[in-house]
Amino acid sequence: MPNATRSRFTANGLITITTDFGTRDGYVGAMKGVMLTIDPTLRLVDLAHDLPAQDVRHAALVLRSACPRFPVGTVHLAVVDPGVGGPRAPIALVAGGHAFVGPDNGLLSLVAAGLGRGAARRIARRGPLARFLPAAPSPTFHGRDVFAPTAAVLACGRVPFSGLGAEVRPARLTIARPRREGAWVRGEITHFDRFGNAVTNLAGEHLPARRARATVAVGARERVRLVETYAAAPVGELVAVVGSDGWLEIAVRDGSAREQSGLATGVPVRVGPARTA
Amino acid sequence: MPNATRSRFTANGLITITTDFGTRDGYVGAMKGVMLTIDPTLRLVDLAHDLPAQDVRHAALVLRSACPRFPVGTVHLAVVDPGVGGPRAPIALVAGGHAFVGPDNGLLSLVAAGLGRGAARRIARRGPLARFLPAAPSPTFHGRDVFAPTAAVLACGRVPFSGLGAEVRPARLTIARPRREGAWVRGEITHFDRFGNAVTNLAGEHLPARRARATVAVGARERVRLVETYAAAPVGELVAVVGSDGWLEIAVRDGSAREQSGLATGVPVRVGPARTA
Amino acid sequence: MPNATRSRFTANGLITITTDFGTRDGYVGAMKGVMLTIDPTLRLVDLAHDLPAQDVRHAALVLRSACPRFPVGTVHLAVVDPGVGGPRAPIALVAGGHAFVGPDNGLLSLVAAGLGRGAARRIARRGPLARFLPAAPSPTFHGRDVFAPTAAVLACGRVPFSGLGAEVRPARLTIARPRREGAWVRGEITHFDRFGNAVTNLAGEHLPARRARATVAVGARERVRLVETYAAAPVGELVAVVGSDGWLEIAVRDGSAREQSGLATGVPVRVGPARTA
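Residues numbered from 1 in each chain as written. Chains lettered and ligands numbered in written order. Predicted model: local features only at pLDDT ≥ 70, side-chain atom pairs only at ≥ 80, totals over all residues. Heavy atoms only, no water.

Description of the overall build of chain A
The secondary structure content of chain A amounts to five helices and 14 strands. Judged by the C-alpha coordinates and their principal axes, chain A covers about 70 × 40 × 30 Å. Per-residue burial over chain A gives 59% buried out of 277 residues. Long-range pairs, those at least 24 residues apart, make up 67% of the contacts in chain A with a sequence separation of at least 6. When the accessible surface of chain A is totalled, it reaches about 10,900 Å², and 50% of it is carbon and sulfur. Measuring between centres, the 34 positive side-chain charges of chain A sit 7 Å from its 21 negative side-chain charges. (Helix = DSSP H or I, 4+ residues; strand = E, 2+ residues; numbered from the N terminus. Buried < 20%, exposed > 50% of the residue type's maximum accessible area, 1.4 Å probe, protein only. Contact = heavy atoms within 4.5 Å. Areas by Shrake-Rupley, 256 points an atom, 1.4 Å probe, with all protein chains shown as cover. Lys, Arg positive; Asp, Glu negative; His and termini not counted. Charge placed at Lys NZ, Arg CZ, Asp CG, Glu CD.)

So this is what it looks like as C-alpha cells:
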C-alpha cells in the first residue's frame, strides 16, 4: 500500500503529452484545449505523437526513456489505448516525484518501475474530479474526456493525487529478460527507433568486462562488431553499439538496420567473450 | 451585420496553429518566429501540422472538432491555402468568443458556424496592421507574412478585431447533409482519421431511438454491427460506432477500416430500424 | 577573431528545437526534459523534427529560412548529427544577436552566415559547463547530453557564451553558386519541400529585370513558365515561381513537382532573357 513518501507529488505546472494520435487529426489539439480550459497557465510539452499506432509496448519504452529526464513535479499524460471503453481502468500513478496519467494497460508500468516504488489510483468519475469531467465521457476518447482533465487538475493542484480514487495495483507490461547461457547472455530485439536502429533488452552490464573483446551475435550473424559510436563504424556495416539509454543496439551507420538486414522485434541477440580464432 | 456581441473578442494570449505544412521544412517555424517577434510572451500551441496537403475540407473538420475545446479568448491560426496569391481574401473571424485567422476558402466556416453567429473581417494591409506586416508580403506564403502577424496582434491586443478591415461575408464550405429515405437516413463518409476510421456526416441523433436495434449499411455491406466502443468489437470486424464528436464512424478494431475494406470518402452509409430476420 | 560586438548575445528565454529525430521515439522528449530540468521557466518552441534523416544540407537550409524570423536573444538548438561521437566538435555560435548550438558539421553555417559575421566557440565539457553536463555523456546522443544542456544554460544566462570554450572557426557547408553563361544564369535544385516544390539556388535577382519576359529552363525542359503565384498556374502545369524566401522554385499547382516530373536535387535550372519566337 502506498505510504506518504511513495505517493508524494508536488506539481510544477508542466504536462508532457505522449500519444499515438499523429498530427493529421484534431485529437491532440482537443486534449490540449481541454487542459488549457481548466487552467490556461499550464505549460504543455509535446513529447511524441507519432508512436506506432496502438503499440503499447513501444510507447512504454519511449516513456521509460524520456519522462525521467523532466523535472520532479511534472505530470506525464500518455494515451496509447487500444482497449478504450473496455474493462481496462483509467489510472494515475506517482513514482519518484513524477505523476503519470493514462490507461491501465501496462503503458505506464515500465517508466514507473524505473523510478522506484510508487503508488497508483483508479480515476473515479465521482468525487472531486466530477466537476472537471464531462457528464457523459465519450466511450471512444478517454484521452480527451478523462485523462486530459485528470492531468490538468493534478498539474494545477486542484485535486490532490489522493483524491482521484481508490488505490489499485496497476497492470504490468512484461519485457523479456536476458538469460545466461554458459558464458553467453541471450536477449532479443525489443523495438526499432526512427533511424531503423534495433534496440535490445541487453544492457551494458551484460557485456563482458573487457568490452573490446566481446562477441555479439544477431540472429544468424555470428560476429557483429561492437563499436563505441556510429561514427566508428564503416558506412553500411551492421554493428552493435551501447545506445544512449544503456541498451545494446544493432545499427547500420548512415543507414537503417531494420531495412537493410531483415531484423525484426524478437530476433535473438547474444553477447559473449571473444572467440579464439 | 455583426453587432457588438457577435464580434466580441478578448484575447487570452493563446494561439493555436493548424497547417498542412508538415514538419520537415521551416514553414511552421518561420510563422512561430514572426509571432514571437511581435510579442515574445505569446503562448503558441501546435494543433496539427500533418493535415493532408491542400485538403481544405479535412482541415475544416479538424478545426471544428478541436478549436471549441480551447478557452474563450484563444486565437486560432489556420493555413491550408492552395489558392494563396489568388483572389481568395485573407480574413479573420470571431465567433463564440474565439478568433480565427486564415484564408477565406471555407477553412474556417465549419468551426465558426458551430460556435454560433459570428462576424468576419477582411485583413487589410493598410491601416493599423500596416506596421506589423512586411512591406511586400510574399505572394506564396501568406501564412508567414499575413496570417501569423494578424494572429499575433489579435492575441496580444495591439489591434482590435474591428481594426483589421472591412466586414465581409466569408466563404462557406458545403458538407453534404444526410437525407431521409423512408425509415432510413442516408449519409456518407466525409473523411478518415489517422487510424483509418471512416467518419460520416451522420450524427448520433440520426440513429433510431433504440440503438441496439439499429441497422447500419455501409456501401454494399448490408449489415454492419453498431457497437458502443472499439473494445466491444471482435478484432478485425468492420463495425459502426458513435465517435467522440458524436458522428457515426466505421471502424475496424485494432485495424484500419480504410485499408481493410476499400472504403473511400463519399461512400454512402445508411442507418435504419432493425430488420425482421 | 570575435570581438565584443560580433559575439554579443542576451538571452530572451526562448529555445527553438530542430532535429531529424521524428516524433515516434523519446529523443526529442529527453532533450526537452533535460532543458526544463536546468530551468523550468524556459520556453521551448518546436521548429521541425521530421527533417530528412541525417541530411545536414536540408537541415541547414531549413535553419537559414526559419531562425532569423525569431526575436533577437533566441537560442536555436539544432541536431542533425550523423557523425556523433566522431571527430566533429560540439559548438555554439553567435551571429546577429541569435545563438546556435549543435554539431560542427556545417549545419549551423548557412544561417549564421546570413546573419552577418559572428563568433563560434567549441563546447568544452570542463569549466563552467561541467556541472550541467553528465559526467559521461553518451557517445551516441550528444543532443541530450551536450547540446540540450548547453542551449539551456545559454538561454537562462547561467553560463555566458564566452564561457563555453575556446574560439573556433566552424566548418562551412558549400552550396553551389549560380554561374553566368552568356545571357543566362545557371543554377540547380538544392532541395524539395513537403509539397514537392523544388527549391533552387537561383535568387530573384538572377532573373532578368523584366521578369515577365524571362525564360526558365529546368533540366531538359526548355520553357517553363514563370508565374507570380501558384494560383496563377494552370492545375498540373510545371511552373517556376519566386518562393517566399526569394529563391526560384519549380512547382506544380495542386501537385508535386518532385513526383510528377522526375526532378531531383542537382538538376540544372537556367534563367535567361525571352527568346525570339
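A few points about unusual backbone geometry
All names here are of chain A. The phi dihedral of Q54 is positive, around 60°, even though this residue is not glycine. Mapped onto the elements, Q54 comes out in the loop between β2 (43–48) and α2 (56–66). By relative accessible area, Q54 is classed as partly exposed at 29%.

Here we look at the relation of the copies chain C and chain A
The two copies are related by a screw motion: chain C maps onto chain A through a turn of 120° and a shift of 0.0 Å along the axis, at an RMSD of 0.0 Å. The transformation just described matches what one would write down for a three-fold rotation axis. Little of the interface of chain C is mirrored in chain A, where only 14% of its interface residues are also at the interface. (Least-squares fit on C-alpha atoms with pLDDT ≥ 70 in both.)

Observations regarding the pairing of β2(A)
All names here are of chain A. In this structure, strand β1 (residues 14–19) lies alongside β2, joined through five bridges in parallel fashion. Counted as the bridge partner of L14 is R43 from β2. Crossover handedness for the path β1 to helix α1 (residues 27–38) to β2: right-handed. (Pairing = 2+ DSSP bridges. Right-handed = clockwise from strand over helix to strand, strands pointing away.)

Digging into the relation of the copies chain A and chain B
Of the two same-sequence chains, chain A is brought onto chain B (RMSD 0.0 Å, axial shift 0.0 Å) by a rotation of 120°. An overlap of only 14% is found between the interface residues of chain A and their copies at the interface of chain B, pointing to separate contact surfaces.

Focus: the pairing of strand β11 (residues 221–227) of chain C
Bridge count for strand β10 (residues 215–218) of chain C against β11(C) is two bridges, and the pairing is antiparallel. Looking at the pairing, C:V218 lines up with C:R221 of β11(C).

Thoughts on the sheet that holds strand β1 (residues 14–19) of chain C
Residue and element names in this part refer to chain C. With mixed pairing, six strands are arranged side by side in an open sheet as β2-β1-β3-β5-β4-β6. Taken across any chain shown, the strands that pair with only one partner, and hence form the sheet edges, are β2 (43–48) and β6 (119–122). Averaged over neighbouring strand pairs, the angle between their axes works out to 20° when direction is ignored. In this structure, strand β3 (residues 75–79) lies alongside strand β5 (residues 98–103), joined through three bridges in parallel fashion. Across the sheet, the residue bridging to V75 is A99, located in β5. Against the sheet, helix α4 (residues 142–156) touches β1, β3, β4 (90–95) and β5, its axis set at about 175° to β3. (Axes fitted to C-alpha atoms, helices over the stretch in contact; angles between N-to-C directions.)

Brief notes about the interface of chain C and chain A
Each side of the interface is counted separately: chain C has 36 residues, and chain A has 32 residues. A buried area of about 2,600 Å², summed over both sides, lies between chain C and chain A, and 52% of it is on carbon and sulfur atoms. Applying the counting rule to chain C against chain A returns one salt bridge. Among the ionic pairs, A:D245 bridges to C:R144, the shortest N-O distance being 3.2 Å. At the junction of chain C and chain A, the tally comes to 15 residue pairs in polar contact (both at pLDDT 80 or more). (Buried area = accessible area lost by both parts, 1.4 Å probe. Salt bridge = Lys/Arg side-chain N within 4 Å of Asp/Glu carboxyl O. Polar contact = N/O pair within 3.5 Å; in protein donor to acceptor, adjacent residues only side chain to side chain.)

Topic: the pattern of salt bridges
Taken as a whole and judged by the stated rule, the model has 33 salt bridges over all chains. Residue B:R253 pairs with B:D254 through a salt bridge whose shortest N-O separation is 3.9 Å. Note on B:R253: relative accessible area 21%, which makes it partly exposed. The closest approach of N and O atoms between C:K32 and C:D46, which form a salt bridge, is 2.9 Å. Of the two residues, C:K32 sits in helix α1 (residues 27–38) while C:D46 sits in strand β2, which places them 14 residues apart along the sequence. You can call C:K32 buried: its relative accessible area is 3%. Among the residues examined, C:D46 registers a relative accessible area of 15% and is labelled buried. Taken together, the shared-partner salt bridges in this structure form one network comprising A:R144, A:D145 and B:D245.

Some details on the sheet that holds strand β6 (residues 119–122) of chain B
Residue and element names in this part refer to chain B. Spatially, the six strands line up as an open sheet ordered β2-β1-β3-β5-β4-β6, and their pairing is mixed. Strands at the two margins of the open sheet, each flanked by one partner only, are β2 (43–48) and β6. Ignoring strand direction, the axes of neighbouring strands in this sheet form an average angle of 20°. As paired strands, strand β1 (residues 14–19) and strand β3 (residues 75–79) are joined by five bridges and run parallel to one another. Across the sheet, T18 pairs through a bridge with A78, a residue of β3. Against the sheet, helix α1 (residues 27–38) engages β1, β2 and β3, with an angle of about 160° to β1.

Points about the packing of α1(B) against helix α4 (residues 142–156) of chain B
Residue and element names in this part refer to chain B. Relative to each other, α1 and α4 sit at 40°, their axes nearing to 9 Å. With respect to their mutual orientation, α1 and α4 come out oblique. With respect to the hand of their crossing, α1 and α4 are arranged in right-handed fashion. Contacts from A30, M31, V34, M35 and I38 in α1 reach G143, R144, A148, P149, A151, A152, V153 and C156 in α4. Here the contact of α1 with α4 is built from residues that sort into eleven nonpolar, one polar and one charged. (Parallel < 35°, antiparallel > 145°, perpendicular 65-115°, else oblique. Left-handed = near helix turned anticlockwise from the far one by under 90°. Nonpolar A, V, L, I, M, F, W, Y, C, P; charged D, E, K, R; others polar.)

Observations concerning the environment of A:G262
Relative to the elements of secondary structure, A:G262 occurs in the loop between α5 (257–261) and β14 (268–272). Here the alpha-carbon distance between A:G262 and A:L44, two residues 218 residues apart in the chain, equals 38 Å.

Quick word on the interface of chain A and chain B
At the junction of the two partners, chain A supplies 36 residues and chain B supplies 32 residues. Both faces considered, chain A and chain B share a buried interface measuring about 2,700 Å² in area, 52% of it formed by carbon and sulfur atoms. Linking chain A with chain B are one salt bridge, by the criterion used here. For the pair chain A and chain B, the number of links is 15 residue pairs in polar contact (both at pLDDT 80 or more). Counting only elements with at least two residues in the side of chain A that touches chain B, the list comes to α1, β2 and α4 (142–156) of chain A. With eight residues, the top contributor of residues to the side of chain A that touches chain B is α1(A).

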